[in-house]
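Chain and residue survey
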Amino acid sequence: MSVIRVEEIEELEGGLMRVRIGPQHPISGQGTIIVTTDGEIVYEIDVDIGYSHRGIEKILENRTYLQGIVPMERMVMLDTSHVDMAYVRAIEELLGIEAPPRAQYIRTIILEMNRIISHTYALGLLAESTGWFPAFFLWTTGDREPFLELMEMLTGARWSYSFIIPGGVRADLPSGFKEKALKAIEYFRERLDVYMDAWMENALFEVRTRGVGVIPSSKAIEWGAAGPNLRASGVRYDTRKNEPYAAYGELDFKIAVETAGDAYARGAVRIQEMYISLDIIQQALENMPSGPIKVNVPQRVPPGEVYSRVESARGELGVYLVSDGTDKPYRVKISAPSFRNFFLLEMLPTIQEIKFADVPVLYMSFDPWFLDADR
């Protein structure tokens, strides 16, 4: 069973107490979750962010556009390709250029492999919070290994890639990459079937997650839910479909949607999305166009401003970029999905009775990332 270890308890009036979980904690990670409770019912949740603020937006003002890719990646080490894609897409829009078709397909493959790497980690933690430690977390850790190996084969790194650059990608697909990727797809599709049978359809997991943390579609929209958390409430929105980028506009795929809006649905959407990611990767490999992988771009970016967005593993990630005509951004503002998803956790006690023991389950079902929110 999941365990909540608290760092500090403050007694309040009326038999209530304020419990601080974190910042150094297996559940909260690099932040603090402050819960007001009577020991059983949760009356208020306050997410205290800022412990891992690194000033990334300000750092970018003192780096050239190309140099800025590395600090951008420090937002979400599990999902660096999507962060890069949003930043690079903004640069390319200001430059008025597009990467070659082959580069767009390679970008799409990288992005979807990164989505799988991120989702497996998220689902492992969700399983752990419901009492499935360590079995399922070890499963997901091992099963994402083929994609980490593919990333290393393509980019030279397992986690931080700096591979998507203005004008294209750094390198072409290496020899044998397609064959190895197709084997990984076949293997992982079978593993997803096992996840469904052994975990998602298990009665104990359903008891801990069904009906827990229900967010109706109207509230999901009103509160600004992002990514799988939005789609788990029945809202059919995905930036890859609504505003296609990379090669998504040329590929055939569905949007994963659940309607229950609870912790179970949020896990189910992520499972569905990994099935879809496998299909997207396979399509991109089989329909890969020939040609160059990048175009030359100037060091200086014309004056102007632009807002670019992508569908990261945690939801829509936006970059507002202002250029003054030099080789460095004048201003960068990042709209992080975890920042918005933390708000969902805070608002839940206002519409549903939340049990204190369900706080870890709720937290992990949203898959937030403090480093992402803090920036």
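For the structure given in this document, a descriptive report is provided here. (Residues numbered from 1 in each chain as written. Predicted model: local features only at pLDDT ≥ 70, side-chain atom pairs only at ≥ 80, totals over all residues. Heavy atoms only, no water.)

1. A few points about the side chain of His 82
We count it as follows: Under the scheme used here, helices are H or I runs from DSSP no shorter than 4 residues and strands are E runs no shorter than 2 residues, and both carry numbers assigned from the N terminus. We define a polar contact as two N or O atoms separated by no more than 3.5 Å, with the added condition that, inside protein, one atom must be a possible hydrogen donor and the other a possible acceptor, whereas residues neighbouring each other in sequence contribute only through side-chain atom pairs.
One can find His 82 in helix α3 (residues 80-95). At a separation of 3.3 Å, a polar atom in the side chain of His 82 contacts the main-chain carbonyl oxygen of Glu 311.

2. Examining the sheet that holds strand β9 (residues 304-312)
Keep this limit in mind: Here, any two strands with at least 2 DSSP bridges between them count as paired. Here an angle of 0 to 180 degrees is reported between the N-to-C directions of two axes, which are lines fitted to C-alpha atoms, with helices fitted over the stretch in contact. Throughout, a residue-residue contact means that at least one pair of heavy atoms, one from each residue, lies within 4.5 Å.
If you trace the three strands from one edge of the open sheet to the other, you get β9-β10-β11, paired in antiparallel fashion. Two strands in the sheet have a free side with no partner beyond their single neighbour: β9 and β11 (329-335). For this sheet, the mean inter-axis angle between neighbouring strands, taken without regard to orientation, is 15°. Here six bridges tie strand β10 (residues 315-323) to β11, and the two strands are oriented antiparallel to one another. Counterpart to Tyr 320 in the pairing with β11 is Lys 333. Where α3 meets the sheet, it contacts β9, β10 and β11, and its direction lies at approximately 150° from that of β9.

3. Quick word on the pairing of β9
Here β9 pairs with β10 via nine bridges, running antiparallel. Considered in β10, the bridge of Ser 312 is made with Gly 315. Taken together, β9 and the strand that follows it, β10, pair antiparallel across an intervening segment of two residues.

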